Number of protein chains: 2
Amino acid sequence: MISERILSTRTSRMGASAIREILKLLGQPGMVSLAGGIPAPESFPMDLIRELSDQVLVKYGSKALQYDLTEGFVPLREALSVELKNRGIVAGVDDIVITSGSQGALDAIGKICISPGDTVAMEAPTYLGAIQAFNPYGPNYVRMDTDDDGLIPESMENVLKTHTVKFVYLVPTFQNPTGRTLSLERRKRIAAIAQEQDVLIIEDDPYSALRFSGEPIPPIKTLAPDHVAYMGSFSKVLSPGLRLGYTVAPHLIGRWMTLAKQGVDLNTSTLGQALAAEYIAGGHLVTHVRKIIDLYAPKQKAMLEAMDAHFPSEWRYSRPAGGMFVWAEGPDGVETETLYHTCVARKAAFVPGKFFYTEKGEGLATMRLNFTMASVDQIRWAIHVIADAIRESH
Amino acid sequence: MISERILSTRTSRMGASAIREILKLLGQPGMVSLAGGIPAPESFPMDLIRELSDQVLVKYGSKALQYDLTEGFVPLREALSVELKNRGIVAGVDDIVITSGSQGALDAIGKICISPGDTVAMEAPTYLGAIQAFNPYGPNYVRMDTDDDGLIPESMENVLKTHTVKFVYLVPTFQNPTGRTLSLERRKRIAAIAQEQDVLIIEDDPYSALRFSGEPIPPIKTLAPDHVAYMGSFSKVLSPGLRLGYTVAPHLIGRWMTLAKQGVDLNTSTLGQALAAEYIAGGHLVTHVRKIIDLYAPKQKAMLEAMDAHFPSEWRYSRPAGGMFVWAEGPDGVETETLYHTCVARKAAFVPGKFFYTEKGEGLATMRLNFTMASVDQIRWAIHVIADAIRESH
């Protein structure tokens, strides 16, 4: 019998996550879940993808089915180079690495940067998938404070002065889990700190295209191009099932990411990349994202209106201008994990926020609410259930 | 400036490989390359894939484009469960993990099994992609002897007695690079040794479906099911660009592979998996593989005939009953790397065999010849060029 003796020491940092265990409860029939973190299936351009599949097999022929360059399919990188310009990011084909989802980029960054015991700076709270990608490589995490405007620059500065940090990981726009967006002023300050301290920032940006109102804020990448690895994704603007992400990083980082990726998957699905190339180059990205926004914005509005109507006044919550999440925080003493079990028994679910922190004891009174998966009516109903549970718990 | 200070210690084992450097020479126009390791583009079922793309988008709808289970799309695992039965492998849906190519499986195995300094036993010569997957995790390699019938069981036994080995890595059928196939007798002996020594065997099997003659030999997995992680791939029987592999491993290994994969890519392209599911379930795998064999067998025949006619009699070479490669070995003193440069100058290429060994100084007189990418006429011409260069070098 092959026993646990065979496992690497690394696996001690890779166990099943507590959040997965708790979310297993959501499989019950009739559950209205605001706990998801995934796009609405009705946001996928089904007919367009059928059309594009045909098109790419005609246009690229067998090339769309063959092994391809590890760094990515050239027509996709060409299309992205143009698209990134709209965000103010200057990136030639050779500056872009395609990965299997942003998850693939996070894994590569972890592999090439983190020696066991190295320190990585993370927002509190932060994106769980990043922790999952980095953990096997053995980092220690140091937390940085955030508020309604996202990461607090002084906290980052302080962390960099007191720790030797390999990189800073951020989701600056419509963050998962909080929905918060870093203000332009803070972006400028953070870019300046990165340059002064010569530290790499991982700017993970899967949500910024899903802006419901207001003006886009430039990526930190545009403010400190030599100190930022900027990551984008097709998961929220086309299809997560295609598993397509991309990174624009300083040359040294991009080159090593490619070497790491060679050992992990050789290249990302060529067919998927060809589809994405046509999606951008054909102008479909721009038109389809508008449809996704038209789908999500009313759901978010319904959620915030229901919260305004039913949540106790001492609760605070974000009012993001886009993305997929609202973040709520109760007064001291509230434990959202207890609330979670009450609500799940009544068929409404959210994610207790404590799971998004790298340190135990933080975020006990917080919750993440997703508005992409449920219908407007379901959202209203679930918020009502959650609000009732909150009141009863007082 | 982000400097090399940011790199993990792991990157010292991940540099650009010497073989990639040498193969860069092959980009010149007019080169006839027998150096490739990839399937012929004309082996891809283009029309069928166009048909199946439409079919899966109708059949599975948005599910084909959504995030999916890390362990793999259920319809694909169901189809594989049936298909594996034909190879004598008993695997339920829960015993199968889908990965992004077999490369993804090798990465996951490396991640969950290899602590820095652990020993991994490899055939001499062995598959380079495995070395590339394992290297970042810091293994030491111990070599095992091979001959025309593949791995010599006594060498494996001896290695296991003298080393604490985490696992044994093998390509038992139509091996890359040698094309050799492990005999049934040896498989039985190796299975018995694995059981006696309680060691895990990684049985990497991308080529066995490409059998031109003779009867299939059962996988080692069928002889020692609890001690073998069996890996298959769609790269040689459908399309490498889809990046689809699968593993049937002991439960402990499969479970940890899934946890590792969560951090690396969340799941393999759902659309690609759906395509592969329909490819198998629709009976296309069986009929299409026959076409691939009809394409490759005459090419191999042309190669072997040309070698019989032109190679000096003191050269030995394999006569594989399938796969993609022929392996040739010259007498002592021959250096195929020198030959390589002579041949490339004349626009014919192969891979010097020394690159497939984990130890320096081995395989200097060997070469790998691929017969899938060039035409029959090109193969005859290139073999002639190589044979001439050999004779001149004496």
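All residue numbers here refer to positions counted from 1 along the written sequence of the relevant chain. Just so you know, chain letters begin at A and ligand numbers begin at 1, following the order they were written in. Given that the model is predicted, a residue must reach a pLDDT of at least 70 before its local features are reported, and side-chain atom pairs must reach 80 or more before they are shown or counted; all residues, however, enter totals for whole chains, interfaces and linings. With hydrogens and water set aside, each side-chain value is computed from the structure's full complement of heavy atoms.

A. Layout of the overall build of chain A. Helix and strand assignments follow DSSP, with helices taken as H or I runs no shorter than four residues and strands as E runs no shorter than two, numbered in order from the N terminus. Helices and strands together make up the secondary structure of chain A, namely twelve helices and 15 strands. Just to be clear, the radius of gyration here is over C-alpha atoms, and the globule rule we use is 2.2 Å times residues to the power 0.38. For chain A, the C-alpha radius of gyration of 21 Å lies close to 21 Å, the compact-globule estimate for 394 residues. Principal-axis analysis of the C-alpha atoms gives chain A an extent of 60 × 60 × 50 Å. Per-residue burial for chain A yields a buried fraction of 63% across its 394 residues. Using a 1.4 Å probe on the protein chains alone, a residue whose accessible area is under 20% of its type maximum counts as buried, one over 50% counts as exposed, and one in between counts as partly exposed.

B. Local environment of the relation of the copies chain B and chain A. The least-squares superposition of copies is restricted to C-alpha atoms, and to residues with a pLDDT of at least 70 in both copies. Once turned by 180° and shifted 0.0 Å along the axis, chain B lies on chain A with an RMSD of 0.0 Å. Here the symmetry operator amounts to a two-fold rotation axis. Residue contacts follow a heavy-atom distance rule, with two residues in contact if any of their heavy atoms lie within 4.5 Å. Interface residue correspondence from chain B to chain A reaches 100%, placing this contact among same-surface, isologous pairings.

C. Layout of the sheet that holds strand 11 (residues 316-317) of chain A. Residues and elements named next belong to chain A. A sheet is described by the order of its strands in space; here four strands give the open sequence 11-12-15-14, paired in antiparallel fashion. In this open sheet, the two edge strands, each paired with only one partner strand, are strand 11 and strand 14 (351-352). Strands are labelled as partners when DSSP assigns at least two bridges between them. For strand 11 and strand 12 (residues 325-329), the ladder comprises two bridges, and the chain directions are antiparallel. Note on strand 12: the bridge partner recorded for Arg316 is Glu329.

D. Just the pattern of salt bridges, in detail. Whenever Lys or Arg places a side-chain nitrogen within 4 Å of a carboxyl oxygen from Asp or Glu, that contact is recorded as a salt bridge. If you walk through the whole model with that rule in mind, you get 40 salt bridges over all chains. A salt bridge links A:Asp47 to A:Arg50, with the shortest nitrogen-to-oxygen separation between them at 3.9 Å. With a gap of three residues between them, A:Asp47 and A:Arg50 both fall in helix 2 (residues 46-59), about one helical turn apart. When its relative accessible area of 26% is taken as the criterion, A:Arg50 is described as partly exposed. For B:Arg319, the salt bridge goes to B:Asp308, with nearest N and O atoms at 2.9 Å. Here B:Arg319 is found in the loop between strand 11 (316-317) and strand 12 (325-329), whereas its partner B:Asp308 is found in helix 10 (residues 284-310), with eleven residues between them in sequence. Of the residues examined, B:Asp308 reaches a relative accessible area of 40% and is grouped as partly exposed. Bridged by salt links that share partners, the residues A:Glu157, A:Lys161, A:Arg189 and A:Glu196 form one connected network.

E. Summary view of the domain arrangement of chain A. All names here are of chain A. Annotation comment: domain bounds sourced from an automatic or database domain assignment. Along its sequence, chain A is organised into domain 1 (14-37 + 287-393) and domain 2 (46-282). For domain 1 and domain 2, the distance between their C-alpha centres works out to 26 Å. Domain 1 puts 28 residues into the contact, and the matching count from domain 2 is 27 residues. Accessible surface is computed with a 1.4 Å probe, and the buried area is the amount of it that two parts give up when combined, taken over both parts together. Across the interface of domain 1 and domain 2, roughly 2,400 Å² is buried in total on both sides, 66% from carbon and sulfur atoms. Three residues, Ala321, Phe356 and Thr358, lead the burial of domain 1 against domain 2; their summed loss comes to 23% of the area buried on that side. Applying the counting criterion to the domain 1 and domain 2 interface returns two salt bridges. A salt bridge links Glu362 to Arg143; its shortest N-O distance comes to 2.5 Å. In protein, a polar contact requires one atom able to donate a hydrogen and another able to accept it; more generally it is a pair of N or O atoms within 3.5 Å, and residues adjacent in sequence count only if both atoms are side-chain atoms. Between the two partners, domain 1 and domain 2, sit eight residue pairs in polar contact (both at pLDDT 80 or more). Looking at the side of domain 1 that touches domain 2, the elements that each hand over two or more residues are helix 1 (18-23), helix 10 (284-310) and strand 12. Ranked by residue count, the leading element in the side of domain 1 that touches domain 2 is helix 10, at seven residues.

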